[in-house]
4 protein chains.
Amino acid sequence: MGIRVAVAGASGYAGGELLRLVAGHPEFDLVAATAHSQAGQPVSAVHPQLAGLDLAFAATDPTTLADADLVFLALPHGESAALAAALPETVKVVDLGADHRLADTAAWSRYYGGPHAGAWTYGLPELPGQRAAIAAASRVANTGCYAVATTLALAPLIAAGAVAPTDVVVVAASGTSGAGRAAKAHLLGSEVMGDLSPYKVGAHQHVPEIKQATGAASLAFTPVLAPMPRGILATVTAVPTGDADPRAVLTEAYADSPFVHVLPQGAWPHTAATAGSNSCQLQATVDVDSGRVIVLSAIDNLGKGAAGQAVQCANLMLGLPETSGLSVFGVAP
Amino acid sequence: MGIRVAVAGASGYAGGELLRLVAGHPEFDLVAATAHSQAGQPVSAVHPQLAGLDLAFAATDPTTLADADLVFLALPHGESAALAAALPETVKVVDLGADHRLADTAAWSRYYGGPHAGAWTYGLPELPGQRAAIAAASRVANTGCYAVATTLALAPLIAAGAVAPTDVVVVAASGTSGAGRAAKAHLLGSEVMGDLSPYKVGAHQHVPEIKQATGAASLAFTPVLAPMPRGILATVTAVPTGDADPRAVLTEAYADSPFVHVLPQGAWPHTAATAGSNSCQLQATVDVDSGRVIVLSAIDNLGKGAAGQAVQCANLMLGLPETSGLSVFGVAP
Amino acid sequence: MGIRVAVAGASGYAGGELLRLVAGHPEFDLVAATAHSQAGQPVSAVHPQLAGLDLAFAATDPTTLADADLVFLALPHGESAALAAALPETVKVVDLGADHRLADTAAWSRYYGGPHAGAWTYGLPELPGQRAAIAAASRVANTGCYAVATTLALAPLIAAGAVAPTDVVVVAASGTSGAGRAAKAHLLGSEVMGDLSPYKVGAHQHVPEIKQATGAASLAFTPVLAPMPRGILATVTAVPTGDADPRAVLTEAYADSPFVHVLPQGAWPHTAATAGSNSCQLQATVDVDSGRVIVLSAIDNLGKGAAGQAVQCANLMLGLPETSGLSVFGVAP
Amino acid sequence: MGIRVAVAGASGYAGGELLRLVAGHPEFDLVAATAHSQAGQPVSAVHPQLAGLDLAFAATDPTTLADADLVFLALPHGESAALAAALPETVKVVDLGADHRLADTAAWSRYYGGPHAGAWTYGLPELPGQRAAIAAASRVANTGCYAVATTLALAPLIAAGAVAPTDVVVVAASGTSGAGRAAKAHLLGSEVMGDLSPYKVGAHQHVPEIKQATGAASLAFTPVLAPMPRGILATVTAVPTGDADPRAVLTEAYADSPFVHVLPQGAWPHTAATAGSNSCQLQATVDVDSGRVIVLSAIDNLGKGAAGQAVQCANLMLGLPETSGLSVFGVAP
């Protein structure tokens, strides 16, 4: 008899990936998948990649979820706080939404608006001390997808004093699943194939989360939609404070992190290499013209950027090996 | 201590997928990956999705391979027969090449040329009686990718007498990994993105294999290269002999096959839904104008079409559950 | 002062391509673009590729359109008949919808439903005698996209008696713009990239149009959605009646057609090679196993399959060179 | 009788686009296409999108080219200088290679190596005074693709004193045709689809050209390969010196430039919207967190980034309208 796991808000892309990971996890029993708009539908009617999964969507209500040992919340921003409050403390919760990520109420108001639900333990295990914090928590706020890619590239460098926390510049491109599953004309295949297009330039809601997680004091952030279903490539540049080797700093920081690969010199991250996995690929260099440190970071936005990371946190919360049910290898080509 | 498994010819796409599956298999130890041209190189330098795999390519020689319990051969056509002959009978072998698929020497000569190595047990477990045959074999010839997609759609209908074995028409489109990893200008990303293009029309080498596996007597086959890395969609049409429901025939044929999903009525196969898995999605209908039976079949050409199928055969040969180390769920979107 | 041209229903994909072609046509003045839902919006807000075009959408009403010399109707099926009836006969009309394509009322009812508006001159100039018919007409029904690709491949062979009109089998894959611009979840980029998926199998509404245009008596038709924005590749197979060389028949049929290229032997059509053009690429062979004739046909579904074809018809109706304002060369790679 | 135009090195991607533009240009006669490795081959055997063009490749030698009024050189870096030297001064030349772009011999040596051929008139007509300079020149060095996208975004801001010339940070992603047509395994479709990957990070050869053209003093540049055949999206960030509105500066700078579109506020550039055209789309904002100016710039790397730009320069050199034979509208979707 395995650990009883439920997924709330399971009809979206992160929800679908959670279902795939939970159904394939050696220690988990998938006991419920909820989705208000799809209640009663077979899961595989919504997620054709899960053909053969004998489960129908339930309505998203606390009674259904309270029966689980652990619940993943993959709900739109603003909806998870109320649902989580209705669950007993004995049910562990990992929230993939933004509701509980930010400690700063003013930042919450500026980028999201509405009442601030307060911060939970931040679900990025690779930050110093965070594995233990997550293991001890019954409520964990999973990271934002851009925040994971950027924080893994930047946090150790700021922590080590290798780069200045000011004047950080980030350009990050994401596959289209990061924009969600709602039917919008600008996300049609006809529009996105062959297209790179920026959006929310200079004002993305992940900026305060990245600053909180990395210690950056000033951050210019440009998100770009890229013609691929999955993947984030973040280009993170910062001004060095001395002549520390940024690659060496990263290598040391992630020596014990099975999902973070600082690549051999000369190799650069590929988003395709992380597809379907919980991996992050990193590489760093110093620009010959400007002297800036440039770090490249690649993840699967639905993997380490969402569902994979959530399972990694759940593993820690449940006392399982961090890698249980997750792959360090990508599905490529 | 797991079962010792080696992969010969591991630098190509099927080889890379085999390494991913073997490394993640709960019962297998990956003891060697050979690749003549890459001997000495870290595996992850060639397969970036395997970053973190601590293994270097060895040269492809029988001594290295003889040390394994089971060897996968992912070599170019014509190379596996000689290598297999140099391995002791106690080493089980699954050959992903074409060398040992055809029983008919004339057909071999017509489509491949060169000396015919003779047929091994055909590695398509879903054919009647084939699971037992594979379980008893120490040498198995893995199926061709187009052959799998077409055979799963067609064989039960011919066997049941639901369609005529003559006048079968197949159009099958494949992702580019099916064309291999050799650097050829017409396979460049710039060429293939946005492009559908037929090739080897009217004379593809999988035709005799499909006829042998399905019992088809006459088969028009048109292969098409499609702008995606993975996946095959086969459209198989045949003339009905009576009014049997083709979907019902397929449903019954695959009732006990965990990897073959005959979809609910109204749902059609999606190649993307099979990516990274060992699944096949099927659906059938009768054309309202012509009365022809039309069956659609989707697989991942590197999964059920190559490496996944090979692992499925290996599981049977080793007495393991058929699904061990394989996923029935695709990585999508 | 050029010929005054208007486009009704100009906010969709065919409409956008019409605007591009009309705006770049050496003899045309684009005097109006109408789109009910977008009236008042700048055209470039809806079609970003037309940045710099100083025009706003008008509402779709007959008064606006009656002021033009020629009107293109790119409206949903069922809407163009009423609008066309409100335009004076002196205004020439090319209808890109299906309303006036079919001569057979029963076929109309079966595939489209609703009242049948009656057939106009069929807008496929490459059919025998059709250039003159189009030049003499003031109302032309533009062809369906799949119908163009299939008819150009098949009609000369049936007309020449080279293949039987019965037992024709067609599989045709289309880029996603063929599915239109309405925001539907299954057409999101995340869904379609990496995916081949059939739809409306065995019952597509272009079947009666193809039979009418080609003389086929029985036609099995399978449409497939392909992961690219534009392009159709049709695989057309039929049973030969003798040993006529199908490629020679096609070469002779299109000797005077500047947009149809029967490729040199050994070369196969590429959809990407037709992108942005009004070209059709053809190649034919005889299958070695079955003896069937196989013809491959590639077009741009928005070019020769819709807007380009419409401009070609308009050129003929207006006494201009057939190629005016159109490209025979594709935009590739 | 039109202007006699030849293209040397016409078998690559920029060469193919030049052939398409020259063949469709109302004032040009395409008199020769040379390609050493393909001499004697029909042009359409190499460029399938040019099916119907009745021309074969010639060998690349000065005698063939000297017969033209204007020659485009689309040769690998280092090859055009020698060929140009062998052409009479009366033959106008536009070199798409890098040989004659840089005024600084040291910069040439650092990034390209070998003897420095010296600078020609720089072929970016939108720079102040450059239209006249190009019109007066018989030798013009066409811009690099990344240099065009970046320079159009940045040069007016530095020239106006709106941003500091130091601490400029650029991340630019390119479609795969920018990497050329040589058959390399890492450029296979299987590798690039679904993949974003950086390359030459911190040391790209376009940096000195960008600094020369924009007046930037310090530039961190990260190029990324994107999964699409065409298009460049450059994200250019710089530190403002005051509170000038960057969008207003750009709007004024390009008021008389038909190919540069500063988009309406709220609209962002799309690479797909520039495909097949000679357009550049620009938008600018000020980052709310960092205060940095962020400019986004989209072009077609084969259009405004190569062949389109070259034709624009040729038009000026020949006294034709700047827009002759070029499109301001993209082929989209």
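Predicted, not measured: the structure shown is a model, and the values here were computed from it. (Residues numbered from 1 in each chain as written. Chains lettered and ligands numbered in written order. Predicted model: local features only at pLDDT ≥ 70, side-chain atom pairs only at ≥ 80, totals over all residues. Heavy atoms only, no water.)

Here's the deal with the interface of chain B and chain D
- Taken together, the 19 residues of chain B in the interface contact 19 residues of chain D.
- Carbon and sulfur atoms supply 60% of the area buried between chain B and chain D, which totals about 1,500 Å² over both sides.
- A per-residue breakdown of the area chain B buries against chain D is headed by Leu188, Ser190 and Met193 of chain B, which together make up 40% of the total.
- Counting across the chain B and chain D interface gives two salt bridges.
- Between Glu191 of chain B and Arg181 of chain D there is a salt bridge, and its shortest N-O distance comes to 3.4 Å.
- Applying the counting criterion to the chain B and chain D interface returns ten residue pairs in polar contact (both at pLDDT 80 or more).
- Counting residues per element, the side of chain B that touches chain D draws most heavily on helix 8 (residues 189–192) of chain B, which supplies four residues. (Contact = heavy atoms within 4.5 Å. Buried area = accessible area lost by both parts, 1.4 Å probe. Salt bridge = Lys/Arg side-chain N within 4 Å of Asp/Glu carboxyl O. Polar contact = N/O pair within 3.5 Å; in protein donor to acceptor, adjacent residues only side chain to side chain. Helix = DSSP H or I, 4+ residues; strand = E, 2+ residues; numbered from the N terminus.)

Details of the UniProt feature "active site" (unreviewed entry) in chain A
Residue and element names in this part refer to chain A.
- When the UniProt feature table is mapped onto this chain numbering, "active site" (unreviewed entry) sits at Cys145.
- Mapped onto the fold, Cys145 is located in helix 7 (residues 145–159).
- Ignoring any residue separated from it by four or fewer positions in sequence, one finds Cys145 in contact with His206, Ile232, Ile299, Asn301 and Gly305. (UniProt positions renumbered as here; feature names shortened; annotations may be inferred.)

Re the relation of the copies chain A and chain D
- Between chain A and chain D, the superposition needs a rotation of 180° and an axial shift of 0.0 Å, giving an RMSD of 0.0 Å. In short, the pair behaves as if placed about a two-fold rotation axis.
- Same-surface contact between copies: 100% of interface residues of chain A are shared with the interface of chain D. (Least-squares fit on C-alpha atoms with pLDDT ≥ 70 in both.)

Some remarks on the relation of the copies chain B and chain D
- Once chain B is rotated about the relating axis by 180° and shifted along it by 0.0 Å, it coincides with chain D to within an RMSD of 0.0 Å.
- An overlap of 100% is found between the interface residues of chain B and their copies at the interface of chain D, pointing to a shared contact surface.

With respect to the sheet that holds strand 12 (residues 280–286) of chain C
Residues and elements named next belong to chain C.
- In spatial order, the strands read 8-9-7-10-13-12-11; together these seven strands make up an open sheet with mixed pairing. Each end of this open sheet is capped by a strand with a single partner; those strands are strand 8 (197–198) and strand 11 (260–262).
- As judged from the seven bridges shared by strand 12 and strand 13 (residues 293–299), these two strands associate in the antiparallel manner. Following the sheet pairing, Val286 is matched in strand 13 by Val293.
- Helix-sheet contacts for helix 10 (residues 246–253) involve strand 11, strand 12 and strand 13, and the interaxial angle to strand 12 is about 150°. (Pairing = 2+ DSSP bridges. Axes fitted to C-alpha atoms, helices over the stretch in contact; angles between N-to-C directions.)

Observations concerning the domain arrangement of chain A
Residue and element names in this part refer to chain A.
- As far as domains go, chain A holds domain 1 (3–142 + 304–317) and domain 2 (145–301).
- Of the residues lining the interface, 25 residues belong to domain 1; the matching set on domain 2 comes to 32 residues.
- At the boundary of domain 1 with domain 2, total buried surface from both sides reaches about 2,200 Å², with 55% on carbon and sulfur atoms.
- Per-residue buried area on domain 1 facing domain 2 is highest for Tyr13, Tyr111 and Lys304; these three make up 30% of the total on that side.
- In this structure, Glu17 and Arg230 form a salt bridge, with 2.7 Å as the shortest nitrogen-oxygen distance.
- There are 16 residue pairs in polar contact (both at pLDDT 80 or more) connecting domain 1 and domain 2.
- Where the side of domain 1 that touches domain 2 is concerned, the elements lending two or more residues are helix 1 (13–24), helix 5 (105–111) and helix 11 (303–317).
- In terms of residues, the side of domain 1 that touches domain 2 owes the most to one element, helix 11, which gives six residues. (Domains from an automatic or database assignment.)

Topic: the interface of chain A and chain D
- Counting residues at the interface gives 45 residues for chain A, matched by 45 residues for chain D.
- Of the roughly 3,600 Å² buried where chain A meets chain D, counting both sides, 62% is carbon and sulfur surface.
- In this assembly, chain A and chain D are joined by four salt bridges.
- Looking at the side of chain A that touches chain D, the elements with two or more residues in it are helix 5, strand 7 (168–174), strand 8 (197–198), helix 9 (207–214), strand 9 (219–225), strand 10 (232–238) and strand 13 (293–299) of chain A.
- Broken down by element, the side of chain A that touches chain D gets its largest block of residues, five residues, from strand 9 of chain A.

What to know about the environment of Ala135 of chain B
Residue and element names in this part refer to chain B.
- With respect to the helices, strands and loops of the structure, Ala135 is situated in helix 6 (residues 130–136).
- Using a relative accessible area of 38% as the deciding quantity, one classes Ala135 as partly exposed.
- For the pair formed by Ala135 and Gly319, sequence separation is 184 residues and the distance between their alpha carbons is 7.0 Å.
- Every residue in contact with Ala135, bar those within four places of it in the chain, is listed here: Leu316 and Met317. (Buried < 20%, exposed > 50% of the residue type's maximum accessible area, 1.4 Å probe, protein only.)

Quick look at the packing of helix 7 of chain A against helix 9 of chain A
Residue and element names in this part refer to chain A.
- Across the interface, helix 7 lies against helix 9 with an axial gap of 8 Å and an inter-helix angle of 30°. Between helix 7 and helix 9, the angle is such that the two are roughly parallel. Crossing hand, helix 7 versus helix 9: right-handed. Residues Tyr146, Ala147, Thr150, Thr151, Leu154, Ala155 and Ile158 of helix 7 pack against Glu209, Ile210, Ala213 and Thr214 of helix 9.
- Its residues assigned to classes, the contact of helix 7 with helix 9 comprises seven nonpolar, three polar and one charged. (Parallel < 35°, antiparallel > 145°, perpendicular 65-115°, else oblique. Left-handed = near helix turned anticlockwise from the far one by under 90°. Nonpolar A, V, L, I, M, F, W, Y, C, P; charged D, E, K, R; others polar.)

With respect to the side chain of Ser297 of chain D
Residues and elements named next belong to chain D.
- Relative to the assigned elements, Ser297 resides in strand 13 (residues 293–299).
- Of the polar contacts made by the side chain of Ser297, one reaches the backbone oxygen of Ala149; its length is 2.7 Å.
- Among all residues touching Ser297, those that are not within four sequence positions of it are Ala149, Ala153, Ile232, Leu233, Ala234, Pro269, Cys280, Gln281 and Leu282.

Re the UniProt feature "domain: Semialdehyde dehydrogenase NAD-binding" (unreviewed entry) in chain A
- Mapped onto this numbering, the UniProt entry annotates "domain: Semialdehyde dehydrogenase NAD-binding" (unreviewed entry) at residues 4–135 of chain A.
- Helix and strand shares over residues 4–135 of chain A are 30% and 17% respectively, and the end C-alpha atoms of the span are 18 Å apart.

Topic: the pairing of strand 4 (residues 92–95) of chain B
Residue and element names in this part refer to chain B.
- One ladder, built from four bridges, connects strand 3 (residues 70–73) with strand 4; its direction is parallel. Its bridge partner being in strand 4, Leu73 is matched across the sheet by Asp95.
- The parallel pair strand 3 and strand 4, bridged by helix 4 (residues 80–85), forms a crossover whose chirality is right-handed.
- Two elements, strand 4 and strand 6 (residues 139–142), share three bridges in a ladder whose sense is parallel. In the strand pairing of strand 6, Val93 is matched with Arg139. (Right-handed = clockwise from strand over helix to strand, strands pointing away.)

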